[in-house]
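Remarks on the overall topology
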Amino acid sequence: MTGFLAIVGRDLRLALRQGSDSMMVVTFFVLTVVLFPFGVGPEPGILERIAAGVLWVTALLASMLSLDRLFQVDYEDGSLDLMTRGPVPLPMLVLGKVTAHWLTTGLPLLVAAPVLAVLLNMNAAGFGVLMLAFLLGTPTLSLIGAVGAGLVLGARRGGVLLSLLVLPLYIPILVFGVSAVDAAVMDLPVRAQLLILGGFLLGAAALCPWATAAALRQAVE
């Protein structure tokens, strides 16, 4: 846990000093959602019908913007090589970096989502479920994205490869996240969708750090 907390604190300090990745993710999320009413028209019924899908798809794409830099800086300055040879288990360090990544990118999306839902005329009944679905889904996106970031580390055009690797794995989270919000808006049970999202999160938390650690060891050899 000491190593986990140390890497979380280190990455948070670096993110606060730079700030570009977090700002880029949130700005992309906000601007893309704001553009939808101009593209599909300002009719409240249309916006309400597509609100959940727009928010989830945009959040999914926004979360990918900073994934290619998740390990890139440490790889270039040699820190990653030291991490792989240090006393702290590499999966724990990976989990720390993913946690810091979510706090600087996923958490701002979670905060911005309700404000943008108002812009899209979402039914008030879906707000709470939207927040809960984002709380369960966005950490899973970061965990899965970390595996892709580790696999493409050091590759040419890694951003394109990363998108091809992780986008198919993001689809189930997108489907059940949108389904949960739509069910809440229609006053239907949402427990099944939220439990599935929670299961995805637990499975990703158990498996993805180990898979990412294996990919990072391969990259530094």
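Residues numbered from 1 in each chain as written. Predicted model: local features only at pLDDT ≥ 70, side-chain atom pairs only at ≥ 80, totals over all residues. Heavy atoms only, no water.

Regarding a nonpolar patch on the surface
Taken together, the side chains of Val57, Leu61 and Leu167 define a hydrophobic patch exposed on the protein surface, amounting to about 200 Å² of accessible area. Mapped onto the elements of the fold, Leu167 is located in helix α8 (residues 158-185). (Patch = residues over 30% accessible without salt bridge, like charges linked within 9 Å, V, L, I, M, F, W, Y side chains within 5 Å. Areas by Shrake-Rupley, 256 points an atom, 1.4 Å probe, with all protein chains shown as cover. Salt bridge = Lys/Arg side-chain N within 4 Å of Asp/Glu carboxyl O. Helix = DSSP H or I, 4+ residues; strand = E, 2+ residues; numbered from the N terminus.)

As for the nonpolar core
Residues Phe29, Leu55, Leu130 and Phe134 are the most contacted members of the largest nonpolar core, which totals 63 residues. Of all the secondary structure elements, the ones that give two or more residues to this core are α1 (2-18), α2 (20-40), α3 (44-64), α5 (79-85), α6 (90-119), α7 (127-151), α8 and α9 (191-220). In terms of residue count, α7 provides more of this core than any other element does, eleven residues in total. Not counting chain neighbours up to four residues away, the residues in contact with Phe29 comprise Leu55, Thr58, Ala59, Ala62, Leu109, Ala112, Ala113, Leu116 and Phe134. (Core = buried A, V, L, I, M, F, W, Y, C linked by side-chain atoms within 4.5 Å. Buried < 20%, exposed > 50% of the residue type's maximum accessible area, 1.4 Å probe, protein only. Contact = heavy atoms within 4.5 Å.)

Details of empty space enclosed by the protein
Scanning the entire structure with this criterion turns up one cavity of 30 Å³ or more. Looking at the largest cavity, its volume works out to about 30 Å³. Every residue along the wall of the largest cavity is listed here: Ser63, His101, Thr105, Gly106, Leu109, Thr138, Leu141 and Ser142. Elements supplying a minimum of two residues to the lining of the largest cavity: α6 and α7. (1 Å grid on protein atoms, 1.4 Å probe; cavity = no way out; pocket = protein on both sides within 12 Å on 5 of 7 lines; lining within 4 Å. Points joined across faces, edges and corners; volume = space filled by probe spheres on them.)

Topic: the packing of aromatic side chains
Inspection of every chain in the model, using the stated rule, returns two aromatic pairs. Aromatic side chains Trp56 and Phe134 sit 4.7 Å apart centroid to centroid with 55 degrees between the ring planes, which places their arrangement in the tilted category. Residue Trp56 is located in helix α3, and its partner Phe134 is located in helix α7; the two are separated by 78 residues in the primary sequence. In terms of burial, Trp56 and Phe134 fall into one category: buried. (Phe/Tyr/Trp six-rings, centres within 6.5 Å; stacked < 30°, edge-to-face > 60°.)

What about α7?
Between its first and last C-alpha, α7 extends 36 Å over 25 residues, near the 36 Å set by a 1.5 Å rise per residue. The largest bend in α7 comes to about 25 degrees, at Phe134. Counting buried positions along α7 yields 19 of 25 residues, so the element is predominantly enclosed. (Expected span 1.5 Å × (residues − 1). Bend = angle between axes of the 7 residues up to and from the residue.)

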